[in-house]
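# Survey of secondary and tertiary structure
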Amino acid sequence: VQLVESGGDLVQPGGSLRLSCAASGFTFSSYVMSWHRQAPGKERELVASITSTGGSTNYVASVKGRFTISRDNAKNTVYLQMNSLKPEDTAVYYCKRLKRKGEEYDYWGQGTQVTVSS
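Everything in this summary refers to the structure shown in the same document.

Definitions and cut-offs
Counting starts from 1 at the beginning of each chain's written sequence and moves along it residue by residue. With pLDDT at 70 or above as the cut-off, local features in this predicted model cover only qualifying residues; side-chain atom pairs require 80 or more to be listed or tallied, and sums for whole chains, interfaces and linings still use all residues. Only hydrogens and water are set aside when side-chain values are computed; all heavy atoms of the structure are taken into account. Strands are runs of DSSP state E lasting at least two residues, helices are runs of H or I lasting at least four, and both sets are numbered from the N terminus onward. Pairs of N or O atoms are called polar contacts if they sit within 3.5 Å, as long as, within protein, a hydrogen donor faces a hydrogen acceptor (for residues adjacent in sequence, only side-chain-to-side-chain pairs). We call two residues in contact whenever any of their non-hydrogen atoms come within 4.5 Å of each other. In this description, a disulfide is simply a cysteine sulfur pair whose atoms lie within 2.5 Å. Remark: exposure states derive from per-residue accessible area (1.4 Å probe, protein chains only) relative to the maximum for the residue type, with buried under 20%, exposed over 50%, and partly exposed in between. Any carboxyl oxygen of Asp or Glu that lies within 4 Å of a side-chain nitrogen of Lys or Arg is treated as forming a salt bridge with it.

### Observations concerning the side chain of Asp89
For Asp89, the position within the fold is in the loop between β8 (77-82) and β9 (91-97). Within the structure, the side chain of Asp89 is placed 2.9 Å from the side chain of Arg37, a separation counted as a polar contact. Those residues in contact with Asp89, other than ones at most four positions away along the chain, are Arg37, Arg66, Phe67, Ser84, Val114 and Val116.

### Focus on the state of the cysteines
Working definition: the covalent bond between the sulfur atoms of two cysteines is a disulfide. Applying the stated criterion across every chain yields a total of one disulfide. One disulfide in the model links Cys21 with Cys95; its S-S distance is 1.9 Å. As the torsion about the S-S bond is roughly 45°, the Cys21-Cys95 disulfide counts as right-handed. Taken together, the residues Cys21 in strand β3 (residues 17-24) and Cys95 in strand β9 connect sequence positions 74 residues apart. Across the pair, exposure class does not vary: Cys21 and Cys95 are buried alike.

### Remarks on the pattern of salt bridges
Counting across every chain of the model gives five salt bridges. Here Glu45 and Arg37 are joined by a salt bridge, their closest N and O atoms 2.6 Å apart. Classification of Glu45 as partly exposed rests on a relative accessible area of 29%. We note a salt bridge from Lys96 to Asp106, for which the minimum N-O separation is 3.6 Å. Linking Lys96 in strand β9 with Asp106 in the loop between β9 and β10 (107-108), this pair joins segments that are 10 residues apart in sequence. We classify Lys96 as buried; its relative accessible area is 12%. For Asp106, a relative accessible area of 29% puts it in the partly exposed group.

And the structure:
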């Protein structure tokens, strides 16, 4: 299993970024995927999740209306479109493959840095 995030950058407040997480080594279309973030000195938090078909999504309250999670099962990739970015969105962003029933582990990518600053 491999998850590789990309798209992190330095962006001004109010700007946009799109993060990508390329998956390999498993049947991507069978798994719920999620994005998480961890700011310095804070615990890692769930940002958004998406079901295996992409039919249902969930967001933490602080990003609702600004972030959109999506997936392309043909490309084995999950995305996080981030608009109207705020300094408090600064964090390392990680994607995660959620374990299915009977499996032991979730899998994480290595993370990509998003910095929102003027």
